[in-house]
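Breakdown of the fold
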Amino acid sequence: MEQQRLFSNQKLVRLIIPLVIEQGLTILVGMCDGVMVSSVGEAAISGVSLVDMINAVVLTLFAALATGGAVVTSQYLGAQQPEKARQSAGQLVLMAAGLGFLAMVLCLVFARGLMRLFFGSIDADVMAAGLVYLRITALSFPFIALYNAGAAIFRSTGNSKVSMKVSVLMNLINVAGNAICIFVLKMGVAGVAVPTLVSRAVAAVVILALAADPKQELYLEKQGLCRIERKMMGNILHIGVPSACENSFFQLGRLVVVSMIALFGTTQTSANAVANTLDSMGIIMGQAMGLAMVTVVGQCVGAGDPEQVKYYVKKLMGWTYLLMGVCNLLIILFVNQLIGCYSSLSPETVHLARTLVLMHSSFAILMWPVSFVLPNALRAANDVRFTMWVGVGSMIAFRIIGSWILCVHLGWGATGVWIAMIVDWVCRIGFFVPRMLSGKWKTKYVPS
């Protein structure tokens, strides 16, 4: 039966391994950024971590648009319609360029206002560091949006190796630039931001040049980039807009709860930032499997084969639990050594960061895959409105209101926020698992 499947085990491994490497590089480079900037002081790491929360909202918009493009393109490929797949790819690039430029302008114009809106009366040195970092990284938004679009084009064909190689190049430039700008040129916070801008610009140019090669299974055509296809854009936005609403609201919710944590001072803010970075390592495998789920389920849906959808969802979820279990157990075992990578942290910051990391890793082993990987199967089947309403509703009820009660009202600080996060996971599981089992997602895909 294996030869009748759209994806053999070998093909799945070829898809997943580059995604794991790419996601791992992104997280590890982010950790390196934090470690390097921590040498500048706690105000610097706090300012950078706060701005990263704002940047995460913007990057989520780009990722959601790329997901929409990947789903539509994968479905066309599964339906054996390569011409429409190429049109979809071209329209995705056009939309990414426009969204990236708009986000850049807004963040440059309203930089200080955004910092005040989300973080209120933070310390002056934290504000200064954050503004420098925000203004420079905002210049990179058009480039990272285009990179995401290019990566989505290759992933939709199952060829994740290309985006991995470009990601390696991007992150090598970033890390080397950080080391030079921080330790040699003594540029402080700007030393983390400038290499980010340069590396993203290089990555965007390289991946789009590769995507334009007609030797590729799916490639960009000049005519697809020169004119607007409203129907095709509508197909992409049909997936991308609900995903953007859900994921952006998720990141906005994180911003709100971080502003609650900021009320308790720099120690709690820094501990939360360190824990977030380390916990990101624990979900590398899950994020990679989520991307793989979009490609695999999208092609199965496009081929009109719901039985293969169910088969691959079970298989990929099983692999996700295995991989995430191993990764998070290692984090639990070596948590002290990982936190020790950060310099200039007070004993109180270290103690709180350790508590938060252990809390996240312990629960993520069981809950994270079903909370965040399984919904990608629903999205790839066009069941995007359901995932959006569940995600938004759970965020409001538990991450925001729950965090306010536990963090601010009861005075539990960052610990209360992370408890509310785990309750949010429980809610998501309670909706996504029954939805997948019910088979209602089968009615959402309408071939175009």
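Placed above this text is the structure.
We now turn to the structure provided with this report. (Residues numbered from 1 in each chain as written. Predicted model: local features only at pLDDT ≥ 70, side-chain atom pairs only at ≥ 80, totals over all residues. Heavy atoms only, no water.)

All right, on to the packing of helix α12 (residues 284–302) against helix α13 (residues 306–333) then. Relative orientation of the contacting elements α12 and α13 amounts to 170°, with a least axis distance of 10 Å. Here α12 lies roughly antiparallel to α13, going by the angle between them. Between α12 and α13, the contacting residues are Met285, Gly286, Met289, Met293, Val296, Val297, Cys300 and Val301 on the first element and Gln308, Val309, Tyr312, Val313, Leu316, Met317, Trp319, Thr320, Leu323 and Met324 on the second. Its residues assigned to classes, the contact of α12 with α13 shows 15 nonpolar, 3 polar and no charged. (Axes fitted to C-alpha atoms, helices over the stretch in contact; angles between N-to-C directions. Helix = DSSP H or I, 4+ residues; strand = E, 2+ residues; numbered from the N terminus. Parallel < 35°, antiparallel > 145°, perpendicular 65-115°, else oblique. Contact = heavy atoms within 4.5 Å. Nonpolar A, V, L, I, M, F, W, Y, C, P; charged D, E, K, R; others polar.)

A few words on the pattern of salt bridges. Under the definition given, this model contains 7 salt bridges. The salt bridge involving arginine 155 is made with glutamate 22; its shortest N-O contact spans 2.5 Å. In this pair, arginine 155 sits in helix α6 (residues 141–156) while glutamate 22 sits in helix α1 (residues 9–38), placing the two residues 133 residues apart along the sequence. Grouping residues by exposure puts arginine 155 and glutamate 22 together as buried. With its nearest N and O atoms 3.1 Å apart, the salt bridge here joins lysine 310 to glutamate 307. Linking lysine 310 with glutamate 307, this pair stays in helix α13, spanning 3 residues, or about one helical turn. What makes glutamate 307 partly exposed here is its relative accessible area of 48%. Through salt bridges with shared partners, a single network forms among Glu246, Arg379 and Arg428. (Salt bridge = Lys/Arg side-chain N within 4 Å of Asp/Glu carboxyl O. Buried < 20%, exposed > 50% of the residue type's maximum accessible area, 1.4 Å probe, protein only.)

Along its 24 residues, helix α7 (residues 161–184) runs 34 Å from first to last C-alpha, staying within 8% of the 34 Å computed at 1.5 Å per residue. Within the sequence span of α7, burial applies to Val162, Ser163, Met164, Val166, Ser167, Met170, Asn171, Asn174, Gly177, Asn178, Cys181 and Ile182. At the C-terminal side of α7, lysine 186 shows a positive phi close to 55°. (Expected span 1.5 Å × (residues − 1).)

Let's shift gears to the environment of alanine 203. Here alanine 203 lies in helix α8 (residues 190–211). Discounting chain neighbours no more than four positions away, the residues touching alanine 203 are Tyr147, Val166 and Met170.

The subject of this paragraph is a nonpolar patch on the surface. Taken together, Phe101, Leu102, Val105, Leu106, Leu108, Val109, Phe110 and Leu139 make up a surface patch of nonpolar side chains, about 720 Å² in accessible area. With respect to the helices, strands and loops of the structure, phenylalanine 101 is situated in helix α3 (residues 82–109). (Patch = residues over 30% accessible without salt bridge, like charges linked within 9 Å, V, L, I, M, F, W, Y side chains within 5 Å. Areas by Shrake-Rupley, 256 points an atom, 1.4 Å probe, with all protein chains shown as cover.)

The next subject is the nonpolar core. Residues Met115, Phe119 and Val313 are the most contacted members of the largest nonpolar core, which totals 143 residues. Here the element with the most residues in this core is helix α2 (residues 42–78); it accounts for 17 residues. Beyond its immediate stretch of four places on either side in the chain, phenylalanine 119 contacts Leu50, Met53, Ile54, Leu255, Val258 and Ser259. (Core = buried A, V, L, I, M, F, W, Y, C linked by side-chain atoms within 4.5 Å.)

Now for the environment of proline 195. With respect to the secondary-structure elements, proline 195 resides in helix α8. Along the chain, proline 195 and valine 175 lie 20 residues apart, while their C-alpha atoms are 7.7 Å from each other. Setting aside residues no more than four positions away along its own chain, proline 195 makes contact with Ile173, Asn174, Gly177, Asn178, Cys181 and Ala190.

Residues Ala111, Leu114, Met115, Phe118 and Phe119 constitute the buried set of helix α4 (residues 111–119). Burial along α4 is one-sided: seen end-on, the buried residues are contained in an arc of 100°. As for α4, its buried residues are in contact with α2, α3, α5 (124–138) and α10 (230–262). (Arc of directions from axis to C-beta.)

So, about unusual backbone geometry. In this structure, glutamine 80 takes a positive phi of about 60° despite not being glycine. Looking at the secondary structure, you find glutamine 80 in the loop between α2 and α3. Even without being a glycine, lysine 186 presents a positive backbone phi close to 55°. By the element assignment, lysine 186 lies in the loop between α7 and α8.

The next point concerns the packing of aromatic side chains. According to the stated counting rule, one finds 6 aromatic pairs in the structure shown. On the basis of an interplanar angle of 70° and a centroid distance of 6.1 Å, the ring pair of phenylalanine 62 and phenylalanine 141 is categorised as edge-to-face. Here the residue phenylalanine 62 occupies a position in helix α2, and phenylalanine 141 occupies one in helix α6, the gap between them amounting to 79 residues. Residue classification places phenylalanine 62 among the buried positions, given a relative accessible area of 2%. Look at phenylalanine 141 and you get buried, because its relative accessible area is 0%. Ring centres of tyrosine 311 and tyrosine 312 lie 5.0 Å apart, and the angle between their planes is 80°; on these two criteria the pair is classed as edge-to-face. Given the relative accessible area of 25%, tyrosine 311 is considered partly exposed. Residue classification places tyrosine 312 among the buried positions, given a relative accessible area of 0%. Residue placement shows arginine 5 over the ring face of tyrosine 311; its charged tip is 3.6 Å from the ring centre. Above the plane of the ring of phenylalanine 7 lies lysine 11, whose end atom (NZ or CZ) is 4.8 Å from the centre. (Phe/Tyr/Trp six-rings, centres within 6.5 Å; stacked < 30°, edge-to-face > 60°. Lys NZ or Arg CZ within 6 Å of the ring centre and 35° of its normal.)

Okay, the side chain of histidine 360 next. Within the secondary structure, histidine 360 sits in helix α15 (residues 347–380). Residue classification places histidine 360 among the buried positions, given a relative accessible area of 6%.

Treat this as a map of the structure, not an account of what it does.
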